[in-house]
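Structural overview for review
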Amino acid sequence: VLGVVPGQYTLRVLKTPPTNIQRSSSTTVAISTGNNSMSFGSGGAAISAPVSAEPILWAMLPVSVADADVTGLSVSLRTGARVNGRVEYSGSGQPPTPDKLQSFNVTLQPVPGSSSALFSGASNSHLDDSGQFTTTQYAPGAYLMTAGGVPGWTLKSIMVGGKDAADVPVEIGAADLNDVVVTM
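Small disclaimer: the values here were computed from a predicted structure and weren't measured.

Looking now at the sheet that holds strand S7 (residues 105-110). Taken in spatial order, the 3 strands make up an open sheet running S7-S10-S13, and their pairing is antiparallel. Looking along the sheet, the strands with just one partner apiece sit at the ends: S7 and strand S13 (170-172). When strand polarity is set aside, the average angle formed by the axes of neighbouring strands in this sheet is 45°. Strand direction decides the pairing type here: strand S10 (residues 141-148) and S13, joined by 3 bridges, are antiparallel.

It is worth spelling out the nonpolar core at this point. Counting 28 residues, the largest nonpolar core has Phe-104, Phe-133, Ile-172 and Val-182 as the members making the most contacts within it. Counting residues per element, the ones that place at least two in this core are strand S6 (83-88), S7, S10, strand S11 (157-160), S13 and strand S14 (177-183). With near-sequence residues (within four places) excluded, Phe-104 lies in contact with Val-87, Ser-125, Leu-127, Phe-133, Ala-147, Gly-148, Gly-149, Val-150 and Val-182. Within the second largest apolar cluster, 7 residues are counted, among which are Val-4, Tyr-9, Leu-11 and Ala-59.

Our next topic: the sheet that holds S6. Spatially, S8-S9-S6-S14-S11-S12 is the arrangement adopted by the 6 strands of the open sheet, whose pairing is mixed. In this open sheet, the two strands that pair with only one neighbour each are strand S8 (125-127) and strand S12 (163-164). Sheet analysis places S6 next to S14, joined by 5 bridges and oriented parallel. Residue pairing across strands places Arg-86 opposite Val-181, the latter belonging to S14.

Moving on, we come to the packing of aromatic side chains. In this structure the tally under the stated criterion is 3 aromatic pairs. Here Tyr-89 and Trp-153 contribute two aromatic rings whose centre-to-centre distance is 5.1 Å and whose plane-to-plane angle is 65°, an arrangement assigned as edge-to-face. Placement of the pair is Tyr-89 in the loop between S6 and helix H1 (98-101) and Trp-153 in the loop between S10 and S11, with a sequence separation of 64 residues. With relative accessibility at 25%, the residue Tyr-89 sits in the partly exposed group.

Counted residue by residue, S14 has 5 buried out of 7 residues, so it is predominantly covered. Relative to S14, S11 is paired through 3 bridges, and the arrangement is antiparallel. The partner of Ser-157 across the bridge, within S14, is Thr-183.

Looking at the element boundaries, Val-13 is found in strand S1 (residues 7-16). Using a relative accessible area of 11% as the deciding quantity, one classes Val-13 as buried. Distance from Val-13 to Leu-57, taken between C-alpha atoms, is 7.9 Å for residues 44 residues apart in sequence.

Each value, and the rule that gives it
Residues numbered from 1 in each chain as written. Predicted model: local features only at pLDDT ≥ 70, side-chain atom pairs only at ≥ 80, totals over all residues. Heavy atoms only, no water. Pairing = 2+ DSSP bridges. Helix = DSSP H or I, 4+ residues; strand = E, 2+ residues; numbered from the N terminus. Axes fitted to C-alpha atoms, helices over the stretch in contact; angles between N-to-C directions. Core = buried A, V, L, I, M, F, W, Y, C linked by side-chain atoms within 4.5 Å. Buried < 20%, exposed > 50% of the residue type's maximum accessible area, 1.4 Å probe, protein only. Contact = heavy atoms within 4.5 Å. Phe/Tyr/Trp six-rings, centres within 6.5 Å; stacked < 30°, edge-to-face > 60°.

Encoded structure:
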């Protein structure tokens, strides 16, 4: 990265796996300090694709830039965390049929201004016939979570650790977020 003004920065790296739409993986490198950030990438734009078995790799590293080039950085990439849970249906109607459940999706969007904002990418989930879901992987940070897409059903709540995450950000760490309950 050329032309960086001396100062304290956070280097962020995100490597996403290839998809059936975008045949090669993509890597994004971003540096930021305060409210200023620069992003450098290779690969395509964020797209919606099936949940990949290949990991998303990420890293965050503090970097001090002075009057000379910074060389010899060693960056260790880590795998992203998934959100896993189940869908429940409340109300008097019949639960949706498996063909209608194909449109169900849990989506996480980075909270603007958070450390996760520079890690935005494709967001997808997979729901199996028993109502269990798993998402793509995410780098750590704060995310807004939504769910829906099932015709005739509306979101009632998204319970994470006993709290309704439908209206407040969820903090994704280095480990998977399990036991999420989406109620429609």
